[in-house]
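# Architecture at a glance
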Amino acid sequence: MSTPRLPDVTVTVIVHNDAGRLPRAVESVRRQTHRNIEIVISDDHSTDDTPRVARALAARDGRIRYLRLPENSGGCSAPRNRALEIARAPYLMFLDSDDELPPESVESLLAAHRERDLDFAMGAVRRIRVDTGRRSTWMPHLVRERRTLDGIEADPRLFFEHLSTGKMYARAFLDRHDLRFPEGIHYEDQLFSAQAYCLAKRFTIVPEPVYLWYVAPYAGSDTASISNQRHLLGNVRDRIHVQRLIDAFLAESGHEGLREDKDHKFLKHDFRMYAGDLPYRDEEWLASFADLVNPYLETLSPGAYARLPRAERVVLRLVRDRRLTEARWAARELGHDVAPRELTTGPDGRTYWGGRVPESAGARRELDLTELEPDTRPFSVARFRHEITEITRGPGASVDLTVRTYDPALRLPVGPQRASLIVSPGRRRLTVPFRLSPVRPGVFEGRVRLDPATARLPLSGFAGVRHPMVRLTCRGHGNRGLLLAPLAFPPLTARVPRHRLTIEPEGHIPGRLQLRWQPAGLTASLLHPAARRLAVPRVRRAARLAASVFSPSGV
């Protein structure tokens, strides 16, 4: 009798109470172009229908093995490690039950291993928004081209690509270093990946997509992934804990020279995720957050701070100085050209964020905005701050807004200012002029009625979200800026021609006023679907061809 052929690759699919999506994940592995694989479903003691579904999948395909943990571990590490114990292949991959592998994932990564003696190979991870279907590449600048690196020192930016998925590991590499997923902690991928990067002598990056990561950024707290449970202080504590473990590993393994790169990654990625949520947190939460993060922030390399954009350095400094209400305001400026409410010029002639000159040398360094040239940059890119201070329902679909504009660099002349609201559903622009009157130096206020029912929508309808902008006009020059809304107010709904309209808070940073149109009636059932079908490139090409054939000039 012939000995069964060993698989080339073992793909472990971890699952917990996810019977509905498990078949999709497993099917994505079964349809791999490289067929000689082993599939291990590692079940972290599910209590739903997962065991029955997993056994049915295993009965259908002899390459599938089902492993059930005797008790729930509460994380990803234990089910991965138990699968590692029984995996038979020399190369290993990991897949979460809510994600998928593109058909050529195994083939692409295995080919890289067979070309060279590698410790692991990695490829592009495609993020798919479950709410919109929008696709993007995770850390695209790191996986843009095929390359082989002799250790992470060749490109320390890879600390940002901390996923353990999207990679194929040589079993010998993991065993040689006794590298396993740390159990009993969250954010285990960050520690495991940092260790793998530092211990690997050689690894290859391929630009082809090898993993499909389904992301639900605004999922409810009961279904949100660990990384989306940032409202929990325990989540903050877990993330800080794993950073300290990484720091200890770098020191013990002789990779202390990578510390600034790793610190920069923490500030730019991990802290930045929490910073974007600060406006939505209450004072008690903010105080506890500062208690947790500030001791760790004190240990980070000054060079890591210096590499950040100024807006991020401002938020960090305000948190470290426990100016927490101001940190909430500053967080709304992240990633957008939004001005602070106030600027202060010190005796040294430097311009600082906020209403007073910072007391310490460190705070003055971090809150110094002089390099942004707030008082001399061209008017078209000057920074203002437009906030809705009051929103009330008007007649029909309209809303009455009180808009306050902050001009901290005093770029606007004394007296009333010309302004307008601009919103563009489809390709049509709705412009609503209004006047801003001075309240005090650097602050203006005005009232404007926004009536979305007057917007000219496409005949085929418009389904989408738009955020009104504020346009200022001064001496023949224009400036367009975001319109920040109250962070929470009851959504306002109305019927406008052929559509349902919702006026609501954006719900995440920067917290703009948001208008949402949804086609209704015949527009929803007939016109809009037809327009979407015609928008498919293949249909458009056919339509153009038909037009050229049947037009008089096409004879």
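### Re the sheet that holds strand 22 (residues 513-519)
If you trace the four strands from one edge of the open sheet to the other, you get 17-22-21-20, paired in antiparallel fashion. Of all the strands in the sheet, the pair left with one neighbour each is strand 17 (464-466) and strand 20 (492-496). The mean angle between the axes of side-by-side strands here comes to 25°, regardless of whether they run parallel or antiparallel. In this sheet, strand 22 lies alongside strand 17 in antiparallel orientation, the contact comprising three bridges. Among the inter-strand pairings, R466 is bridged to a residue of strand 22, identified as L515.

### Notes on the environment of R68
Among the secondary structure elements, R68 is positioned in strand 3 (residues 64-68). According to the relative accessible area criterion, R68 is partly exposed, its value standing at 31%. For R68, the side chain forms a polar contact with the side chain of D43, separated by 3.2 Å.

### Overview of helix 9 (residues 283-297)
When the terminal C-alpha atoms of helix 9 are compared, their 20 Å separation across 15 residues agrees well with the 21 Å that a helix rising 1.5 Å per residue should span. What helix 9 keeps buried is the set W285, L286, F289, A290, V293, N294, Y296 and L297. On its buried side, helix 9 packs onto helix 7 (233-252), helix 8 (259-275), helix 10 (302-306), helix 11 (310-320) and helix 12 (324-331). Capping of helix 9 at its N-terminal end is provided by D282; its side-chain oxygen lies 3.3 Å from the backbone amide nitrogen of E284.

### Thoughts on empty space enclosed by the protein
Per the stated rule, a full pass over the model turns up three cavities of 30 Å³ or more. Here the largest cavity defines a volume of roughly 80 Å³. Forming the boundary of the largest cavity are L158, F159, E161, H162, Q190, S193, A194, Y197, Q243, I246, K262 and K265. It is helix 6 (residues 188-199) that contributes the most residues to the lining of the largest cavity, four residues altogether. Here the lining of the largest cavity is composed, by residue class, of five nonpolar, four polar and three charged.

### A word on the pairing of strand 8 (residues 167-170)
Side chains of strand 8 alternate between two faces, with K167 and Y169 and M168 and A170 buried alike. Across two bridges, strand 4 (residues 91-96) lies against strand 8 in antiparallel orientation. Directly across from L92, in strand 8, lies its bridge partner Y169. Sheet topology note: the strand 5 (residues 120-129)/strand 8 ladder contains three bridges and is antiparallel. Within strand 8, the residue paired with M122 across the bridge is K167.

Thresholds applied
- Residues numbered from 1 in each chain as written.
- Predicted model: local features only at pLDDT ≥ 70, side-chain atom pairs only at ≥ 80, totals over all residues.
- Heavy atoms only, no water.
- Pairing = 2+ DSSP bridges.
- Helix = DSSP H or I, 4+ residues; strand = E, 2+ residues; numbered from the N terminus.
- Axes fitted to C-alpha atoms, helices over the stretch in contact; angles between N-to-C directions.
- Buried < 20%, exposed > 50% of the residue type's maximum accessible area, 1.4 Å probe, protein only.
- Polar contact = N/O pair within 3.5 Å; in protein donor to acceptor, adjacent residues only side chain to side chain.
- Expected span 1.5 Å × (residues − 1).
- Contact = heavy atoms within 4.5 Å.
- 1 Å grid on protein atoms, 1.4 Å probe; cavity = no way out; pocket = protein on both sides within 12 Å on 5 of 7 lines; lining within 4 Å.
- Points joined across faces, edges and corners; volume = space filled by probe spheres on them.
- Nonpolar A, V, L, I, M, F, W, Y, C, P; charged D, E, K, R; others polar.

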